[in-house]
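# Observations on the three-dimensional arrangement
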Amino acid sequence: MRNKRNILPCLIFLLTSMFCYSVQAQQKNDNHRTNFSGEWKSKESISMGGNIVCSYVEGDRMNSKTMKIAEQADFLTIENPNPDAGAVSAINREKLAFNGKESEIKHDQGLRKNFTVKLSIDGQTMTINTIVQIMYTINGQKEAFVYVTEVWKLSDDGKTITIQAKAKSDILGDERNWKTLFYKTN
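The notes below deal with the structure included here. Keep in mind the model is a prediction, meaning the values are calculated, not measured. Per-chain numbering applies: the sequence of each chain, read as written, is numbered from 1 onward. Reporting in this predicted model follows two pLDDT cut-offs: at least 70 for local features of residues, and 80 or more for side-chain atom pairs to be given and counted; totals over whole chains, interfaces and linings ignore these cut-offs and use all residues. To get the side-chain values, all heavy atoms of the structure are used, and hydrogens and water are removed first.

## Quick look at the pairing of strand β8 (residues 141–154)
Convention followed: Strand pairing is defined by DSSP finding a minimum of two bridges between the two strands. Helix and strand definitions here come from DSSP, where helices need a minimum of 4 consecutive H or I residues and strands a minimum of 2 consecutive E residues; each element is numbered from the N-terminal end.
Bridging between strand β7 (residues 125–137) and β8 involves 13 bridges; their strand directions are antiparallel. Bridge pairing links glutamine 133 to phenylalanine 145 in β8. From the end of β7 to the start of β8, which pair antiparallel, there are 3 residues, and asparagine 139 there has a positive phi angle of about 55 degrees. The sheet contact formed by β8 and strand β9 (residues 160–169) spans 9 bridges and is antiparallel.

## Some words on the side chain of serine 155
Using the following cut-off: Pairs of N or O atoms are called polar contacts if they sit within 3.5 Å, as long as, within protein, a hydrogen donor faces a hydrogen acceptor (for residues adjacent in sequence, only side-chain-to-side-chain pairs). By definition, residues are in contact when any of their heavy atoms lie within 4.5 Å.
With respect to the secondary-structure elements, serine 155 resides in the loop between β8 and β9. At a separation of 2.6 Å, a polar atom in the side chain of serine 155 contacts the side chain of aspartate 157. For serine 155, the contacting residues outside a window of four places in its chain are Thr34, Gln124 and Thr160.

## What about the sheet that holds strand β4 (residues 91–97)?
Here is the rule: Axis lines are fitted through C-alpha atoms, for helices just across the contact stretch, and the angle between N-to-C directions can take any value from 0 to 180 degrees.
Strand order in the open sheet formed by 10 strands is β4-β3-β2-β1-β10-β9-β8-β7-β6-β5, and the pairing between neighbours is antiparallel. Looking at the sheet topology across the chains shown, the edges are occupied by β4 and β5 (103–106). Neighbour-to-neighbour, the strand axes of the sheet open up by a mean angle of 25 degrees, direction not taken into account.

## Section: the packing of aromatic side chains
Counted only if it meets this: Stacked, tilted and edge-to-face pairs are distinguished by plane angle, under 30 degrees for stacked and over 60 for edge-to-face with tilted covering the rest, among Phe, Tyr and Trp rings (Trp via its six-membered ring) whose centres lie within 6.5 Å. Think of it in three bands: with a 1.4 Å probe and only protein chains considered, a residue is buried below 20% of the maximum accessible area for its type, exposed above 50%, and partly exposed in between. Criterion for a charge above a ring: Arg CZ or Lys NZ at most 6 Å from the ring centre, at most 35 degrees from the ring normal.
A complete count under the given rule lists 1 aromatic pair for this structure. Arranged with centres 6.3 Å apart and planes meeting at 65 degrees, the rings of phenylalanine 36 and tryptophan 152 form a pair that is edge-to-face. Here phenylalanine 36 is found in the loop between α1 (2–31) and β1 (38–41), whereas its partner tryptophan 152 is found in strand β8, with 116 residues between them in sequence. Overall, the relative accessible area of 0% leaves phenylalanine 36 in the buried class. A cation over a ring is seen here: lysine 95 above phenylalanine 75, with NZ or CZ 4.3 Å from the ring centre.

## Comments concerning the nonpolar core
Soluble, globular proteins show a tendency: their nonpolar side chains are buried together. Note the cut-off: Residues grouped as a nonpolar core are buried Ala, Val, Leu, Ile, Met, Phe, Trp, Tyr and Cys residues, joined through side-chain atoms within 4.5 Å.
Judged by nonpolar contacts, the single largest core of 27 residues is most densely connected at Phe36, Ile69, Leu76, Met126, Trp152 and Ile161. Residue assignment for this core shows that the elements contributing at least two residues are β2 (66–71), β3 (75–81), β6 (112–119), β7, β8, β9 and β10 (175–184). With 5 residues, the top contributor of residues to this core is β8. If we skip the residues at most four places from it in the chain, isoleucine 69 touches Phe36, Ser37, Gly38, Trp40, Leu76, Thr77, Ile78, Trp152 and Ile161.

Written out as structure tokens, the structure is:
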């Protein structure tokens, strides 16, 4: 009779222990997911793959073959070398917030870039929608817009980023699609 009274509390203890262990195991897997952080290198810049003007300054990340990315919970920061000799900083820094709200970068002569960023629920895919305003001179100074969508896909092992891009310019009128592959160097 005494053994029967101990069975129920032991069974409850055993089931509770198993439940707690499974919850802890799931939390550990979630904390160790790969992310975009690291130093990345490509054979060509993002904009060159489509052979279309997607950026308006030399130090823009679209023109760079190297990137240093630091991912936080709500945003990531991209740093790349700025080859412009007249630039204030040798490094160009861009902050991409995952909140889907529009951000803007302005430069001299009315040049600007407006963009939104969305990160997928699993944290492996990032979509950047950008409108680039550029100025050009043909029969006087004119304004043009380039509409760019980049889909960044992080590999499962976290060693490559594939960027599928498409751009449409109101100057050329046609749409271009291309892919750029970045390899993690650290």
